[in-house]
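Letter by letter, the chains look like this.
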Amino acid sequence: TPRPRTALDPPRPLLAVSLTPTLSRRATGPAPTPMKLRFAPSPTGLLHAGNARIALANYLLAHRHGGAFLLRLDDTDTERNRPEYADAIAYDLRWLGVAWDEMFSQSDRLDIYAAAAERLKADGLMLEEDVARVLDVAVKDLRVQALPP
């Protein structure tokens, strides 16, 4: 039986939550793949508190479990992207103590995405461009009318 608690005992946590992945507790089966968590800001503005919170949470969780933290700049909005914003985001993350294991830009991977789209199209799992364009116009018309898509 456990001994009774005294005033000198350390406080109990309010929440008893284990962050240990369930997969690592399995006795059989393949070893779990190390986790990869990412932070994907768009370099169209400066880092804000909400961005910083997510980046820090993902960084801490990944490193607590021996995973990797990736910084992926979502730079596909070519009209609003600015290199100075990308530099400022990296600077701010370093200032916060968030170090990424890998950094890349979304635009660097467009050939990978195009190849995946071609495989989907070849397998009949992707809408043809004309159908997608018609659906896009229909959704825009619904938004103008303030109706749900």
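Heads up: the structure comes first, above all this text.
Residues numbered from 1 in each chain as written. Predicted model: local features only at pLDDT ≥ 70, side-chain atom pairs only at ≥ 80, totals over all residues. Heavy atoms only, no water.

So what's going on with the overall build of the chain? Residues and values would help.
When helices and strands are counted, the chain shows four helices and three strands. Counting from the amino terminus, the chain carries its helices and strands in the arrangement β-α-β-α-β-α-α. Out of the 149 residues belonging to the chain, those deemed buried represent 19%. Here the contacts in the chain between residues at least 6 apart in sequence split such that 72% fall between residues at least 24 apart. (Helix = DSSP H or I, 4+ residues; strand = E, 2+ residues; numbered from the N terminus. Buried < 20%, exposed > 50% of the residue type's maximum accessible area, 1.4 Å probe, protein only. Contact = heavy atoms within 4.5 Å.)

Summarise the pattern of salt bridges; cite the residues concerned and give the values.
A complete count under the given rule lists one salt bridge for this structure. Put simply, R80 and D77 hold a salt bridge, and the shortest N to O gap is 2.6 Å. (Salt bridge = Lys/Arg side-chain N within 4 Å of Asp/Glu carboxyl O.)

Just give me the short version of the sheet that holds strand β3 (residues 102–105), but keep the residues and values in it.
The three strands are arranged β1-β2-β3 in an open sheet whose pairing can be described as parallel. The two strands at the open ends of the sheet, each matched to only one other strand, are β1 (36–39) and β3. Taken pair by pair, the neighbouring strands of this sheet meet at an average axis angle of 25°, ignoring direction. Bridging between β1 and strand β2 (residues 68–73) involves four bridges; their strand directions are parallel. In the sheet register, R38 faces β2, and the bridge partner there is L70. Where helix α1 (residues 49–64) meets the sheet, its contacts fall on β1 and β2, and the angle it forms with β1 comes to roughly 165°. (Pairing = 2+ DSSP bridges. Axes fitted to C-alpha atoms, helices over the stretch in contact; angles between N-to-C directions.)

Help me get a handle on the pairing of β3, residues and values and all.
Inspection of the sheet shows β2 paired to β3 by four bridges, in the parallel sense. Counted as the bridge partner of L71 is M103 from β3. In terms of handedness, the path from β2 via helix α2 (residues 83–96) over to β3 forms a crossover that is right-handed. (Right-handed = clockwise from strand over helix to strand, strands pointing away.)

Give me the lowdown on a nonpolar patch on the surface, citing residues and values where you can.
A cluster of nonpolar side chains, Y91, W95 and L96, forms an exposed patch at the surface whose accessible area comes to about 400 Å². With respect to the helices, strands and loops of the structure, W95 is situated in helix α2. (Patch = residues over 30% accessible without salt bridge, like charges linked within 9 Å, V, L, I, M, F, W, Y side chains within 5 Å. Areas by Shrake-Rupley, 256 points an atom, 1.4 Å probe, with all protein chains shown as cover.)

Before we move on, could you go through the packing of aromatic side chains and cite the residues and values that matter?
Here the structure, examined in full by the defined rule, presents one aromatic pair. Each ring, one from Y59 and one from F69, has its centre 5.8 Å from the other, and the planes form 85°; the classification is edge-to-face. Taken together, the positions of Y59 in helix α1 and F69 in strand β2 put the pair ten residues apart, joining distant regions of the chain. Exposure remark for Y59: the relative accessible area of 18% places this residue in the buried category. On the basis of relative accessibility, which here comes to 0%, the residue F69 falls in the buried class. (Phe/Tyr/Trp six-rings, centres within 6.5 Å; stacked < 30°, edge-to-face > 60°.)

Mind laying out the environment of L37, listing which residues take part and the relevant values?
Summarising the element assignment, L37 is placed in strand β1. When the C-alpha positions of L37 and F69 are compared, they lie 5.1 Å apart, and in sequence the two are 32 residues distant.

Kindly report on α2, identifying the contributing residues and their values.
Taking 1.5 Å as the rise per residue, α2 with 14 residues should run 20 Å; its terminal C-alpha atoms sit 20 Å apart, in good agreement. Taken residue by residue, α2 has A86, A88, I89, A90 and L93 as its buried positions. Lining the buried residues of α2 we find β1, α1 and β2. Positioned one or two residues after α2, G97 has a phi angle of 90°, which is positive. (Expected span 1.5 Å × (residues − 1).)

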